[in-house]
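Structure assessment
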Amino acid sequence: MTATMPGLVNYSREPFSVELREVPLPKIGERDVLLRVGAVSVCGSDLHQWRGSHSWPVNYPCILGHEFAGTVAETGARVSCFKEGDRVVSETAAVIDESSPLSRCGMYNLDPTRRGFGYGVNGAMTEYVSVPERCLHRIPESVSFDKAALTEPCCVAYNAVCMNGRVRPGDNVLVLGPGPIGLLCAVMAKLSGAGRVIVAGLPADHFRLSVAGDLGANVTLDNGIVEYINQLGDGLGVDVAIDASGASATLQLALQTVRPAGQIIKVGWGPQPMQFSLDPLVQKNVTISGSFSHNWPVWERVISMIVSGQINLDPIISRVAPLPQWLACFEKMERGEYVKAVLTP
Ligand SMILES: [Zn+2]
């Protein structure tokens, strides 16, 4: 008889094809560890897969969850750096081609064959997950699994703002979209020395905008964004606009509000075509940078910032709930009533 465990399975492309099922415990390869999940946070991409509104291929049926931390329960024969009992957090690139040119440069996050937990291979919304040793990072006792699970979205924001972005002390930075990634981008902009961080959303985002204030945003707006930016400073626009919304139309707002020779960082994405001209990009001599995922050095840096308390995750975690309460967490996150929900198996 094979042992089973409850896992939150996304079983088809149809909307709402997610349910808690009894699934077999994973088998590990010789370079993998069996990780006992301590906590897994819910990502906007999990909500998209639940809704069936995602734009990436999913290997159905697949256990959701790619933002997770836990304890090493078992190690494969060729695992050398980790042992049973180690507290760890895992990166998301579960499958990569280690010989691809990008992987060899340390940019395995951009390797086209990359497959991640929660859509490409079974994720962590369950009790045990098989993880390649190369994905793991150690975390100290002082950091809870609940917080460690949020390392991944922090890495997304760090990569966007601090690696692909060029925020300088005193800059005016506009963040469009107060979802978890937008809020964490605001944190990174503040830590980079931005003079004024403005977080903008919709009237329905009032809770998430209040969290932006708790995290140190100087201004939060739910309307009148262009008018506000036009009267700011010399009236020429913000130095850096960060598009952290899932709607393509937000890029137009970024183009309207960024100053000439400024920068747009696009970290939010959605499959809709754009219905506007990119001429302002040329006329204003704007740099636009996409930002996707993260890699090893970003993880090490962000973990050290969580450990030191430089990144305060308390305002971001709206709820920690046991796995069977996943549906309420998904619904409340989707409605913006929670910033982040964290599930514990
Ligand atoms: Zn995520």
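Right above here is the structure, for reference.
1. Section: unusual backbone geometry
Outside of glycine, negative phi angles account for most residues, and trans bonds account for most peptide bonds. For the bond running from Tyr-60 to Pro-61, omega is -10°, close enough to zero to count as cis. Tracing the sequence through the fold places Pro-61 in the loop between helix H1 (44–51) and strand E4 (62–63). In this structure, Ser-293 takes a positive phi of about 60° despite not being glycine. Here Ser-293 lies in the loop between strand E14 (287–290) and helix H10 (296–308).

2. Some words on the sheet that holds E14
Pairing is parallel in the open sheet, where 6 strands are placed in the order E11-E10-E9-E12-E13-E14. Unpaired on one side and paired on the other, strand E11 (219–221) and E14 mark the two borders of the sheet. Each neighbouring strand pair of the sheet contributes to a mean axis angle of 15°, computed without reference to strand direction. Across 5 bridges, strand E9 (residues 172–176) lies against strand E10 (residues 196–200) in parallel orientation. Bridge pairing in E10 places Val-175 opposite Val-199. Against the sheet, helix H5 (residues 180–191) engages E9, E10 and strand E12 (238–243), with an angle of about 175° to E10. Along the sheet face, helix H6 (residues 206–214) touches E10 and E11 and points at about 170° away from the line of E11.

3. Observations regarding the coordination of the zinc ion
In an ideal tetrahedron of four donors about a metal, each angle is 109.5 degrees. In an ideal octahedron of six donors, the angles are 90 or 180 degrees. Protein coordination of the zinc ion is provided by Cys-43 (SG), His-66 (NE2) and Glu-67 (OE), with donor distances spanning 2.1 to 2.4 Å. Along the chain, the residues that donate to the zinc ion are spaced as C-x22-H-E. Here His-66 and Glu-67 have matching classes, each one buried.

The rules behind each value
Residues numbered from 1 in each chain as written. Predicted model: local features only at pLDDT ≥ 70, side-chain atom pairs only at ≥ 80, totals over all residues. Heavy atoms only, no water. Helix = DSSP H or I, 4+ residues; strand = E, 2+ residues; numbered from the N terminus. Pairing = 2+ DSSP bridges. Axes fitted to C-alpha atoms, helices over the stretch in contact; angles between N-to-C directions. Contact = heavy atoms within 4.5 Å. Donors = N, O, S within 2.8 Å, 3.2 Å for Na, K, Ca; no water. Buried < 20%, exposed > 50% of the residue type's maximum accessible area, 1.4 Å probe, protein only.

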